[in-house]
Each structure stands twice: as C-alpha cells, then as structure tokens.
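Chain by chain, the residues:
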Amino acid sequence: MNVSVMQENLARGLGVVSRAVSSRATLPVLANVLLKTDNGGLKLTATNLEIGINCWVPGKVEEEGEITVPAKLLTDLVVSLPNQRIDLQLSAKDRTLKVTSGGSRSSIKGIDADEFPVVAAIGDAPATSADSRALRDALGEVVFAAASDESRPILTGVLTKLAGNEMTLAAADNYRIAVRSLTTSRSVAPELSIVVPARSYAELMRILPDAEQQIDITVTPNKSQVLFHVEGIDLVSRLIEGQFPNYEPVIPSSHTSRAVVDRESFLAGARRASIFARDSANIVKIELGGEAGDGVAITAHAADVGDNADTLEAAVEGQPTTIAFNARYLIDVLANLGADEAALELSGPLAPGVIRGIGKDDYVHVIMPVRTAS
C-alpha cells in the first residue's frame with residue numbers, strides 16, 4: 001500500500017471511525033482501525049461487533065493494499081502532525097505502516113487485514129431516506145429515554161417503524177416513554193419495524209452532518225442489521241431481536257389539567273429543585289393551580305437539608321393538581337425538547353404525566369409519577 005492524504009482529512013476520518021473502536025477488546029484486532037485503498041482514496045473501518053463505521057478519505061493511491069493498526073496510536077499521531085500531506089506506505093513483509101509527513105517519520109506495527117471482522121456495505125436498495133439534520137434532531141428527543149439496564153435488552157433499543165412516508169421512533173424504560181415521528185423522502189410499504197440499539201443511534205447522532213443532506217437507511221432482508229449512509233460515511237449496526245412493548249395504550253388520550261410553561265424556566269426550576277431532591281429519593285413535586293395561583297410550582301424537600309420552591313408563570317387550565325416526579329426524568333425531557341414552550345398535561349397525582357412541545361405535533365413524552373407519603 002502506498003497512499004497520500006491530507007492530515008486534516010485523515011484526522012477527521014479517524015475521529016469518525018474511532019467511535020466504533022472497542023474499548024474492551026477481547027480480540028486485539030478490534031482495537032485497530034482497518035486502512036484499505038478504495039475508489040482512488042483511503043477507506044477507514046472500525047468495529048466493536050455491535051456497530052461498524054466506514055469512512056472514506058480522499059487521497060492519491062500509488063499502490064493498493066490494506067492493513068490494521070492500533071486506532072488510538074494512529075489517531076494521536078495524525079492529530080499531532082501539521083496540516084500537510086501524509087504519506088502512508090505499507091511494508092507487507094513485516095506488517096509495518098510507515099507514516100511520513102514533512103520531517104516526521106513513524107513506523108507502526110500492524111495486524112493483517114484478514115483478521116479484521118467484515119463490516120460490509122449492504123448492497124440492497126435503501127428502504128428509505130431522510131434529512132440528516134431532521135433525523136439527528138428527532139433522535140435527540142428520544143434516545144435518552146431508552147433503558148440502560150441490560151436485564152431487558154429490548155428496552156435498550158429504539159423502536160423504529162417505517163410506514164409510508166413516516167418514521168416513528170419510540171424509546172422506553174420502566175418510568176418513561178418518548179415517541180417522535182418525522183417525514184421520510186421515500187415511501188415504505190409494507191410497514192417495517194426494527195429495534196436499533198440506543199448506543200448505535202447515539203453514535204449516529206455524533207457523525208451526522210449539521211446540514212441538509214440525505215441519509216439512506218437500509219435493512220438487511222433477515223432484519224439482523226441496519227445501515228445508515230451519508231456522504232462519505234457508513235454506520236452499520238446490529239439489530240435487537242424481540243418484541244418491543246406496545247407503548248400506545250400507556251399514552252393518555254385526555255387530561256384534566258394542563259399548563260403551558262417557558263421550557264427554559266421550567267428546566268431551570270427543575271434543576272434547582274433537584275439539588276435538594278438528592279437527599280429525598282430525587283423526588284420533586286409539581287403543582288398546577290391551587291396554591292400556585294395561575295402558575296406552576298416546583299418544590300423539593302429534604303428533612304435534614306432544607307427545601308426549595310420555584311413558582312413559574314404559566315397558562316393553566318383545568319383542575320388544580322399536584323404530582324411528584326423523579327427530577328432526573330423531568331430534566332432529561334426538558335433539556336432535549338426542541339421547543340420554546342412545554343405543555344404539561346395531567347390527569348391526577350397517580351396518572352402518567354405528559355409533556356409536549358408547543359407547536360410540535362410530532363412528539364410526546366410520558367413520565368410515570370412517584371407515590372409520596374403526603
């Protein structure tokens with residue numbers, strides 16, 4: 001292999017694929033990145049066996065070849081080099097990659113590419129496409145709600161339903177549900193449902209460009225993998241097998257109380273209350289109307305520490321209601337909600353609470369209440 005690339009392009013590509021490098025590799029080769037000449041440039045690949053990322057770096061190929069080298073070592077080296085041409089030459093005899101840039105010369109011992117797991121591009125036509133920025137925003141409102149506890153693997157994933165020109169994303173744990181829909185640019189029929197690991201979607205969010213580009217979504221015929229392709233980058237993820245719980249009956253269809261609050265003020269109040277809630281099982285109380293007047297009151301009380309109360313301006317309708325939530329769940333949704341105002345809909349102290357964004361008909365978030373002694 002003999003290829004020349006620009007430092008800036010190689011550093012960017014390594015930064016992308018390094019997200020898939022295994023941090024606790026059982027196989028030494030999984031701590032490596034695969035370098036392979038491809039389409040007149042350099043293709044970088046990394047995988048942890050759950051996700052795999054391919055990234056194409058433009059370059060000039062003098063001689064074809066491939067090798068795997070330690071990802072962190074190569075990345076640290078390339079980042080330290082000035083932004084000029086880097087020459088990569090492989091000595092196949094001793095599996096050594098020579099990295100030359102200006103007056104800098106380095107040699108890195110590698111492992112044969114044959115030992116690297118295959119991260120193949122899925123050759124079938126994409127199931128659909130979506131705007132990359134819209135998908136990233138949608139994922140940001142859902143992914144955080146997936147469970148981190150591996151005892152129920154299906155809940156560590158995000159249900160992804162493709163039907164017609166709509167994609168629906170749903171994530172849930174035992175205490176909350178987040179559902180978001182967005183429009184796709186290609187109709188899907190019949191309906192297709194898969195469960196994508198939340199970790200895979202989190203990595204996808206990091207590599208999606210903040211620009212109006214189309215991202216192609218392809219599912220293998222046996223529904224074992226999904227591939228996301230945006231210009232110059234592939235992310236391949238395994239899928240989670242199993243039946244995602246039917247969340248729709250849990251979403252309340254009506255409410256008896258509703259408050260519309262400035263999202264930033266609501267978030268700030270919830271964060272202040274959470275400081276005191278740390279010593280009281282992380283419980284904060286929300287009161288609509290009643291003693292809060294025409295506003296919303298957020299309170300937290302810890303017997304040995306003190307208490308905190310915030311009263312927020314709000315448009316309140318319906319019956320006065322008090323409900324208790326885990327502060328973290330309230331903060332999570334308010335921090336990720338893509339709207340200036342939030343609507344809190346309640347049907348009593350023991351019924352699930354619903355948070356929506358004003359002007360956003362494509363999102364709903366359900367939080368289960370916490371029972372309190374008083």
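Structure's up top.
Residues numbered from 1 in each chain as written. Predicted model: local features only at pLDDT ≥ 70, side-chain atom pairs only at ≥ 80, totals over all residues. Heavy atoms only, no water.

Asker: What's the story with the sheet that holds strand S14 (residues 225–230) in this structure? I'm lost.
Answerer: Within a sheet, neighbouring strands are paired by backbone hydrogen bonds and run either parallel or antiparallel to one another. With antiparallel pairing, the 8 strands of this open sheet are ordered in space as S6-S2-S3-S4-S15-S14-S13-S10. Where the open sheet ends on each side, the last strands, each with one partner, are strand S6 (66–70) and strand S10 (128–131). Taken pair by pair, the neighbouring strands of this sheet meet at an average axis angle of 20°, ignoring direction. As defined by bridge partners, strand S3 (residues 41–47) adjoins strand S4 (residues 51–58) across 7 bridges and the pair is classed as antiparallel. The residue of S4 that forms the bridge with Thr-45 is Asn-54. (Pairing = 2+ DSSP bridges. Helix = DSSP H or I, 4+ residues; strand = E, 2+ residues; numbered from the N terminus. Axes fitted to C-alpha atoms, helices over the stretch in contact; angles between N-to-C directions.)

Asker: What's the story with helix H2 (residues 71–80) in this structure? I'm lost.
Answerer: Residue pairs three or four apart in sequence face the same way in an α-helix, which turns once every 3.6 residues. Listing the buried residues of H2 in full gives Ala-71, Leu-74, Thr-75, Leu-77 and Val-78. For H2, the buried positions fall inside an angular range of 165° around the axis, keeping them on one side. In H2, the exposed residues that point more than 90 degrees away from the buried face are Lys-72, Val-79 and Ser-80. Summarising the contacts, the buried residues of H2 are in contact with helix H1 (7–17), strand S2 (32–38), S6, strand S7 (85–91), strand S8 (96–101) and strand S9 (104–109). (Buried < 20%, exposed > 50% of the residue type's maximum accessible area, 1.4 Å probe, protein only. Arc of directions from axis to C-beta. Contact = heavy atoms within 4.5 Å.)

Asker: Can you help me understand a negative patch on the surface in this one?
Answerer: A contiguous patch of negative charge, built from Glu-66, Asp-112, Asp-114 and Glu-115, is present on the exposed surface. With respect to the helices and strands, the residue Glu-115 is situated in the loop between S9 and S10. The exposure class of Glu-115 is exposed, given its relative accessible area of 55%. (Patch = residues over 30% accessible without salt bridge, like charges linked within 9 Å, V, L, I, M, F, W, Y side chains within 5 Å. Areas by Shrake-Rupley, 256 points an atom, 1.4 Å probe, with all protein chains shown as cover. Salt bridge = Lys/Arg side-chain N within 4 Å of Asp/Glu carboxyl O. Lys, Arg positive; Asp, Glu negative; His and termini not counted. Charge placed at Lys NZ, Arg CZ, Asp CG, Glu CD.)

Asker: Explanation requested: the pairing of strand S23 (residues 353–357) in the structure shown.
Answerer: Counted residue by residue, S23 has 4 buried out of 5 residues, so it is predominantly covered. Hairpin geometry of strand S22 (residues 341–346) and S23 is characterised by an intervening segment of 6 residues between the two adjacent antiparallel strands and by a positive phi of about 120° at Gly-348.

Asker: Would you explain the sheet that holds strand S21 (residues 321–326) in this entry?
Answerer: Read across the sheet, 4 strands follow the order S19-S18-S17-S21 without closing on themselves; strand pairing throughout is antiparallel. The outermost strands of the open sheet, each flanked by one partner alone, are strand S19 (306–312) and S21. Neighbour-to-neighbour, the strand axes of this sheet turn through a mean angle of 20°, independent of strand direction. Taken together, the 6 bridges between strand S17 (residues 283–288) and S21 define a ladder with antiparallel strand orientation. Across the sheet, Ile-283 pairs through a bridge with Asn-326, a residue of S21. Docked against the sheet, helix H5 (residues 263–277) engages S17, strand S18 (296–302) and S19, running at close to 170° with respect to S19. Relative to S21, helix H6 (residues 327–336) is tilted by about 90°, and along the sheet it contacts S17 and S21.

Asker: Sorry, what's going on with the packing of aromatic side chains here?
Answerer: By convention here, two paired aromatic rings are described through the distance between centres and the angle between planes. This structure, assessed with the given rule, holds 2 aromatic pairs. Centre to centre, the rings of Tyr-201 and Phe-228 are 5.8 Å apart; their planes meet at 55°, and the pair counts as tilted. Remark: Phe-228 occurs in strand S14 and Tyr-201 occurs in helix H4 (residues 198–207); sequence separation between them is 27 residues. Residues Tyr-201 and Phe-228 agree in their burial class; the two are buried. (Phe/Tyr/Trp six-rings, centres within 6.5 Å; stacked < 30°, edge-to-face > 60°.)

Interpretation in functional terms is not warranted from these geometric data alone.
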